[in-house]
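Fold and geometry: a report
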Amino acid sequence: MSKYYLNYLDELESEAIYILREVWAQFQNPVILFSGGKDSILVTHLAKKAFYPSKIPFPLLHIDTGHNFPETIQFRDALIKELDLRLIVGSVQKSIDTGRVSEEKGKNATRNALQITTLLDAIESNKIDCAIGGGRRDEEKARAKERFFSHRDDFGQWDPKNQRPELWNLLNGNHFDGEHFRAFPISNWTEMDVWNYIKREDIKIPSLYLAHQREVVWRSNSWIPVSEHLKLEENEKIQTKKIRFRTLGDITITGGIESEADTLEKIVAEVAAMKQTERGNRSDDKRSETAMEDRKRLGYF
């Protein structure tokens, strides 16, 4: 890795730490949105650096769909214990049981969109005024419309045409009661930046990101992992493949890629040669051309 690139990672780290400290300075009750994926793990690591030697001063909020990878939950719980943090869990299953949302039906059913109601309920009940996310501008075109401090109205909705300007390093977190913000400290990072930084800092990640043998089925041009939540079609055949995941979501919608990348060095090399975006294997993004933006307008991550 070149000296220039090391300096560039230092600049990205410094910018992210500045934004995290601004969140703590401007808001009363912020949280980190934690999914167990690499980006939320990275944000948590940066928050640890931002407030060292004190511990991270705000809790982690996880929206639990009930369709998680078991490895993700195990990693989450171990990290919470290691960092001695408070964990807030919003349960999609509870939202279903109480009639707040209705379960989708069919082969391609997912609980992904159901997270919106659960997230907004958790924000309201816990009086959260800023939720820090791991969204990056290169990840999906709707992400590129976000600011570092992204305003949400009193219904939790996002209007991409009504975002506040951010001149130089001035961030405006003023809001009325009932409104809140999403903060995105790693907006300017790329997938390659994330992996190079994880490698440099030796950050622990779930084994799902490393190539390993797993039972899968081929669906929607992706290898979908077999689980108790997957409904097989008659023509679908379970196979064992060596795969890894570039992004983590519900186990029912997160497709893997065939890969030999079982170390961080190999992941960096593989990502450098990739022509498809990391969310290209997420079936929830394939529902329409504006699937992500439509969800975000309603309050999605």
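Definitions and cut-offs
- Residues numbered from 1 in each chain as written.
- Predicted model: local features only at pLDDT ≥ 70, side-chain atom pairs only at ≥ 80, totals over all residues.
- Heavy atoms only, no water.
- Core = buried A, V, L, I, M, F, W, Y, C linked by side-chain atoms within 4.5 Å.
- Buried < 20%, exposed > 50% of the residue type's maximum accessible area, 1.4 Å probe, protein only.
- Contact = heavy atoms within 4.5 Å.
- Pairing = 2+ DSSP bridges.
- Helix = DSSP H or I, 4+ residues; strand = E, 2+ residues; numbered from the N terminus.
- Axes fitted to C-alpha atoms, helices over the stretch in contact; angles between N-to-C directions.

**Some points on the nonpolar core**
- Ranked by size, the top nonpolar core spans 55 residues in total, and within it Ile-32, Leu-42, Leu-46, Ile-132, Phe-149, Trp-189 and Trp-195 carry the most contacts.
- With residues near it in sequence (within four places) discarded, Trp-189 still touches Leu-12, Glu-13, Ala-16, Leu-42, Leu-46, Arg-136, Asp-138, Val-194 and Tyr-197.
- With 14 residues, the next largest nonpolar core counts Val-31, Ile-88, Ile-96 and Val-101 among its residues.

**Re the sheet that holds strand β1 (residues 30–33)**
- With mixed pairing, six strands are arranged side by side in an open sheet as β3-β2-β1-β4-β6-β5. Strands at the two margins of the open sheet, each flanked by one partner only, are β3 (87–91) and β5 (149–152). Strand-to-strand, the axes of this sheet are offset by a mean angle of 30 degrees, without reference to chain direction.
- Pairing between β1 and strand β2 (residues 60–64): two bridges, direction parallel. Looking at β2, one finds that Leu-33 is bridged to Leu-61.
- Together, β1, β2 and β4 (130–132) form the strand contacts of helix α2 (residues 38–51), whose direction differs from that of β1 by roughly 140 degrees.

**Focus: unusual backbone geometry**
- Of the consecutive residues Tyr-52 and Pro-53, the connecting peptide bond is found in the cis state with omega at 10 degrees.
- Considering the arrangement of structural elements, one finds Pro-53 in the loop between α2 and β2.
- Even without being glycine, Lys-127 reaches a positive phi, approximately 55 degrees.
- Its place among the elements puts Lys-127 in the loop between α5 (115–125) and β4.
- Unlike most non-glycine residues, Trp-168 shows phi in positive territory, near 55 degrees.
- Inspection of the secondary structure puts Trp-168 in the loop between β5 and β6 (180–183).

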